[in-house]
Each structure stands twice: as structure tokens, then as C-alpha cells.
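Listed here are the chains, written in short residue letters.
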Amino acid sequence: MGRMLAESFYSHGAKVTIMARTQAKLDKAVNEIESKVRGPEGASIKSVAVDVTDAAQVDVAMHKAVEMQDGEAIFCLVVAAGRAIPGYFLDQDIADFRATMELNYFGALNCAKTVVPLMAESQTKGQILFISSAAAGASFLGYTSYAPTKFALRGLADGLRNEIKGLGISVHIAYPPDTDTPGFEEENKSKPKETLQISPPEVHSAKSVTDAMMDGLLRGEYHLPSPDPVQNLLVSTTVNITPRGRWAPLEILLSPILGVAMLIFKVHADSCSVPYGKAKAKELAKIQ
């Protein structure tokens, strides 16, 4: 998704710098984007290798990105780094929980902690885009090591939006549903069968997901939409003090129905997970 967003920004004429841990993969991505997209005059696509879990590396990388783009201030930060390691809570090692939080939450935090001051100092009316997950709205079996990181990311975005609004910097957050990406393919390798049963059956293309994000970003929305209208409505049931989107009146009118929909989903999720729990209880009883 980060790669496709980079393509989109580049096609709109932006000076884009993509970041990841491996320079070889970055070089390949830059070449593919340049061969696929003809950026308008002034557009550029460059790369900097960085491990976002290392705050010091992030600081160096962001300053290097500014230098590589002729000293122009960062206008939009897209925080897309993340991964999921689905599994049963009772079986997963605590190291999986720590590693996932380190990348998904602290990786995003490290980037924002460097870029927001840079934007403030340069008086850039910039944008910060956090890519959370549908799991930040509804967590269930298999996602106990993943969903908390995305809930935390939402908490960061909600608080930061309010705090830096006066600086002229806007914050945005996206909740991608299941999306056909290499990361999702890897995620499915360890996904419990109950997680597959509970999850909505549709898997969306990366293009449809990032196109929806870009549309929302260009409209200045806080909660960026996904191509799944039901999920968009469910996200709206938990907006709390954050801005509602353009469909706010409809969302408010539908809130009772959405409450019933969430109740039905809860019953579905529990019906899928309870047999696992009962079987696990018997297994543990035999061990004792």
C-alpha cells in the first residue's frame, strides 16, 4: 500500500521519497514506479533505507530526504510500515507482541516525532497519514498481537490531530480492510482457521484501497474511507471527538442499525471462537 501511495503522489507531481529497510528493494521499487508512471514536470521519486524502529536512524533519514529533494520541506508523511503475525494468544511468544508493537506503533511514532517538528519549524501546512487497520475497529481471535498496535496507532492519531491542529498540520488515519498485498499473503501463513471464519470473505485490491485513501485525503477527511462501505459506516460508530466525514448525517441516522450489525458480528465471532476454547481447555486439562 505504501508503494501504491507513492505511485499516486508521484503521478500528481509530488517529490516523493520512499523508505524501507532494504536498499535493493527500494531501488527496484523506484525503477518500477518510474517505468510505470510518467510523473509530470517537477515530480521525482527517490529512496532512503531506514529501520523505522530505530529513532536515531529515522531522524537521519528524514533530514537526508529533505536534502535529496533540494531542501524542500516535507509536506506529507505517510506511515505505512507494519506487519501482522496472527496466532493463538496461548501459543504465541511474548516476543511476537513486542516486535509487532515496536514496528507498527513505535515505528510510526518515531517518524511522527521527527517530521512534526520539521513541519512546525518550516511552517509547512503539512499532512500526517497513519495507516491503521480494520482491526482497530474490531479485534477477534488471532489478532491479539496485532490489533492492539493498531488501536494504539489510532489513539496516537486522535490525540495528535487535536494537539497540532493549531499548527496548521492535518492528521489523517486509514483503516484498510483485508488487502491483496505480499504482507497479507505472509499473514495468512500463520492465520488460525477461526480467524479466517470470522473475517469478512472479501479481499480488496491494493489499488482500490489506496485510491479510496487518496480520495479522502484530497477531500481533507480525518477518517479516510476504504472501498468497503459497511466498514466505513462501522468506523463512524467510534469517531468520538474526531471529525466526521461527508456522510455524517446518514451515519448518525443509521447508528441504531449499525449497533445491531455490530451485535450480529459479535455473535458470529463468538460462535466461531468458542469451539476452539473448549477444545483448548480439554487439551490443557489432559496436560495437567
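Residues numbered from 1 in each chain as written. Predicted model: local features only at pLDDT ≥ 70, side-chain atom pairs only at ≥ 80, totals over all residues. Heavy atoms only, no water.

Here we take up the overall build of the protein. When helices and strands are counted, the protein shows ten helices and eight strands. In terms of C-alpha radius of gyration, the protein reaches 20 Å, essentially the compact-globule figure of 19 Å for 288 residues. Referenced to the eigenvectors of the C-alpha coordinate spread, the extents of the protein come out at roughly 65 × 45 × 35 Å. Each of the 288 residues in the protein was classed as buried or not, and the buried ones make up 44%. Considering only contacts within the protein whose residues lie at least 6 apart along the sequence, 72% involve residues at least 24 apart. (Helix = DSSP H or I, 4+ residues; strand = E, 2+ residues; numbered from the N terminus. Rg over C-alpha atoms; globule rule 2.2 N^0.38 Å. Buried < 20%, exposed > 50% of the residue type's maximum accessible area, 1.4 Å probe, protein only. Contact = heavy atoms within 4.5 Å.)

This paragraph deals with the environment of Phe130. Relative to the assigned elements, Phe130 resides in strand S4 (residues 127–131). For the pair Phe130 and Leu224, spaced 94 residues apart in the sequence, the C-alpha separation amounts to 9.8 Å. Not counting chain neighbours up to four residues away, the residues in contact with Phe130 comprise Val79, Ala108, Ala112, Leu153, Leu156, Ala157, Leu160, Val171, His172, Ile173 and Ala174.

As defined by bridge partners, strand S1 (residues 15–20) adjoins strand S2 (residues 44–49) across six bridges and the pair is classed as parallel. Considered in S2, the bridge of Val16 is made with Ile45. Following the chain from S1 across helix H2 (residues 23–36) to the adjacent parallel S2, one finds a crossover that is right-handed. (Pairing = 2+ DSSP bridges. Right-handed = clockwise from strand over helix to strand, strands pointing away.)

Let us now look at the sheet that holds strand S5 (residues 170–174). Reading across the sheet, the four strands line up as S3-S4-S5-S8 and stay open at both edges, with parallel pairing between neighbours. What marks the edges here is a single partner per strand, and that holds for strand S3 (76–79) and strand S8 (223–224). By the bridge criterion, two bridges tie S5 to S8 in an arrangement that is parallel. Directly across from Ala174, in S8, lies its bridge partner Leu224. Taken strand by strand, helix H4 (residues 94–122) contacts S3 and S4, and its axis lies near 175 degrees from that of S3. (Axes fitted to C-alpha atoms, helices over the stretch in contact; angles between N-to-C directions.)

Here we take up a nonpolar patch on the surface. A cluster of nonpolar side chains, contributed by Phe89, Leu90, Leu284 and Ile287, occupies part of the molecular surface with about 430 Å² of accessible area. Checked against the element boundaries, Phe89 lands in the loop between S3 and H4. (Patch = residues over 30% accessible without salt bridge, like charges linked within 9 Å, V, L, I, M, F, W, Y side chains within 5 Å. Areas by Shrake-Rupley, 256 points an atom, 1.4 Å probe, with all protein chains shown as cover. Salt bridge = Lys/Arg side-chain N within 4 Å of Asp/Glu carboxyl O.)

The next subject is helix H3 (residues 55–68). If you check H3, its first and last C-alpha atoms are 20 Å apart, about what 14 residues at 1.5 Å a residue would give, namely 20 Å. Those residues of H3 that fall on the buried side of the exposure criterion are Val58, Ala61, Met62, Ala65 and Val66. Down the axis of H3, the buried set is contained in an arc of 140 degrees. They therefore lie on one face. Residues of H3 that are exposed and point over 90 degrees away from its buried face: Ala56, Val60 and Glu67. Where H3 is buried, its residues meet S1, S2, S3 and H4. (Expected span 1.5 Å × (residues − 1). Arc of directions from axis to C-beta.)

Turning to the pattern of salt bridges, a few remarks are in order. If you walk through the whole model with that rule in mind, you get 13 salt bridges. Close ionic contact of Lys36 with Glu7 constitutes a salt bridge, the shortest N to O distance being 3.2 Å. Taken together, the positions of Lys36 in helix H2 and Glu7 in helix H1 (residues 2–11) put the pair 29 residues apart, joining distant regions of the chain. Note on Glu7: relative accessible area 8%, which makes it buried.

As a further point, take the packing of H1 against H2. One can describe the packing of H1 onto H2 by two numbers: an axis separation of 11 Å at closest approach and a directional angle of 45 degrees. On the basis of their axis angle, the class for H1 and H2 is oblique. The way H1 lies across H2 gives a crossing that is right-handed. Contact residues: Arg3, Ala6, Glu7 and Tyr10 in H1; Glu32, Ile33, Glu34 and Lys36 in H2. (Parallel < 35°, antiparallel > 145°, perpendicular 65-115°, else oblique. Left-handed = near helix turned anticlockwise from the far one by under 90°.)

Further remarks concern the nonpolar core. With 33 residues, the main nonpolar core has Met62, Ile128, Phe130 and Val171 as its most contacted residues. It is H4 that contributes the most residues to this core, nine residues altogether. Membership of the second largest hydrophobic core comes to 21 residues, among which are Val16, Ile33, Leu217 and Leu224. (Core = buried A, V, L, I, M, F, W, Y, C linked by side-chain atoms within 4.5 Å.)

Another point: the confidence of the model for the protein. Confidence along the protein averages 92 in pLDDT terms, with 99% of residues attaining 70 or more. When pLDDT is averaged over each element of the protein, S4 comes out on top at 97 and helix H9 (residues 229–236) at the bottom at 82. (pLDDT = per-residue confidence, 0-100.)

So, about the side chain of Lys150. Position of Lys150 relative to the elements: it lies in helix H5 (residues 147–164). Aside from chain neighbours lying at most four places away, what touches Lys150 is Asn104, Ile131, Ser132, Ser133 and Ala136.

Attention shifts here to H1. For H1, the set of buried residues is Leu5, Ala6, Glu7, Ser8, Phe9 and Tyr10. Of the residues flanking the end of H1, it is Gly13, one or two places downstream, whose phi is positive at about 100 degrees.

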